[in-house]
Amino acid sequence: MCASHRAVRGLIVELTGYCKHTITDMEAGLEHLKRGTAKNVDMMIIVVEPYYRSLEAGMRTFKLAKELNIKHLYVASNKFTNEADENAIKEFCEKYTMPIISNIPYDSNLIEAERNEKAPYDYNIEAPSIKAINKIADWISTH
Amino acid sequence: MRIATVGKGGAGKTTIAGTLARILAKKENKILAIDGDPNPNLALTLGISREKANNINFIPHTVMKLEEDDYGEKVLKMSLSENDLFEKYGTKGPDNIDLIVMGHPADGTAGSG
């Protein structure tokens, strides 16, 4: 196993008692799953966009994560711009029995936040994307 | 709970991870954010300034060592104390969030063995 993957995996475990929640932003792609880096998490949020290659990658990630017996496995549908996109993600996820935890719309606030070098949360707390991410937080708080 | 965000590059996982951390921290939860991505942008989405983000010390992979326990089983052990880890590599974000950032092989500190 690559040292970096091993280190992330080990740290997630070692530092569990340090805080109420750890949130790890994983490396893009599937490598960390194949190497078992993500094995030690309780919840995995698979972020997908409404185009086929993203959905397909999400499905492959979901399958691999299932094999690792990750307890709470969810898809966050992200950046849809219309109802057709939103429905396409819903249909795809239903087909592969992948539960969606939140539907996060495309949100120009995020781009403006970056341009202004601000966190999305500090830029506009009322932004539609922030409200949608709130749903994920609500789920976590009650589990 | 130990939570991970995954996805293809550009899918928005960093934005979601950072914002989720802020929301949960605001609810008075102690949050540790770990940036495991070779393009560490989590600091910025947490609300840590670029200047401060540029000064973050990446955690070397040697922080976790494979050791044999009393039964000869290989186990991963942290090579420094939790306090030392946060003192050396931790960064404070808004709402008392702690951030640590993993270094990566592209830094030349580790191979892919």
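Residues numbered from 1 in each chain as written. Chains lettered and ligands numbered in written order. Predicted model: local features only at pLDDT ≥ 70, side-chain atom pairs only at ≥ 80, totals over all residues.

Engineer: Which parts of the structure should I look at to understand the nonpolar core?
Structural biologist: In summary, soluble globular proteins display a tendency toward joint burial of nonpolar side chains. Met44(A), Ile45(A), Leu20(B), Ala21(B) and Ala33(B) are the most contacted members of the largest nonpolar core, which has 69 residues in total. Considering each element in turn, this core owes the most residues, 7 residues, to helix 1 (residues 13-26) of chain B. (Core = buried A, V, L, I, M, F, W, Y, C linked by C-beta atoms within 7 Å. Buried ≥ 20, exposed ≤ 12 C-beta atoms within 10 Å, placed from the backbone. Helix = DSSP H or I, 4+ residues; strand = E, 2+ residues; numbered from the N terminus.)

Engineer: Explanation requested: unusual backbone geometry in the structure shown.
Structural biologist: Across residues other than glycine, the phi torsion is negative in most instances, and most of the peptide bonds are trans. All names here are of chain A. Of note, the phi angle at asparagine 69 is positive, near 60°, even though the residue is not glycine. When you line up the elements, asparagine 69 lands in the loop between helix 3 (52-67) and strand 3 (72-80). In this structure asparagine 69 comes out as exposed when scored by C-beta crowding, with 8 C-beta atoms within 10 Å. Its identity as a non-glycine residue notwithstanding, lysine 79 has a phi of 65°, on the positive side. Checked against the element boundaries, lysine 79 lands in strand 3.

Engineer: Can you walk me through the interface of chain A and chain B in this structure?
Structural biologist: How large an interface is tends to be reported as the accessible area lost when its parts come together. Of the residues lining the interface, 53 residues belong to chain A; the matching set on chain B comes to 53 residues. Elements with a minimum of two residues in the side of chain A that touches chain B: helix 1 (3-14), strand 1 (21-25), strand 2 (43-48), helix 3, strand 3, helix 6 (120-123) and helix 7 (128-141) of chain A. Here the side of chain A that touches chain B gets 9 residues from one element, more than from any other, and that element is helix 1 of chain A. The class makeup of the residues in the side of chain A that touches chain B is 31 nonpolar, 12 polar and 10 charged. (Contact = placed C-beta atoms within 7 Å. Nonpolar A, V, L, I, M, F, W, Y, C, P; charged D, E, K, R; others polar.)

Engineer: Could you clarify how one ought to interpret the confidence of the model for chain A in this entry?
Structural biologist: Low pLDDT means the predicted atomic positions in that stretch should not be read closely. Confidence along chain A averages 91 in pLDDT terms, with 99% of residues attaining 70 or more. Mean pLDDT per element in chain A: helix 2 (residues 31-34) of chain A is the minimum at 73, and helix 6 of chain A is the maximum at 98. (pLDDT = per-residue confidence, 0-100.)

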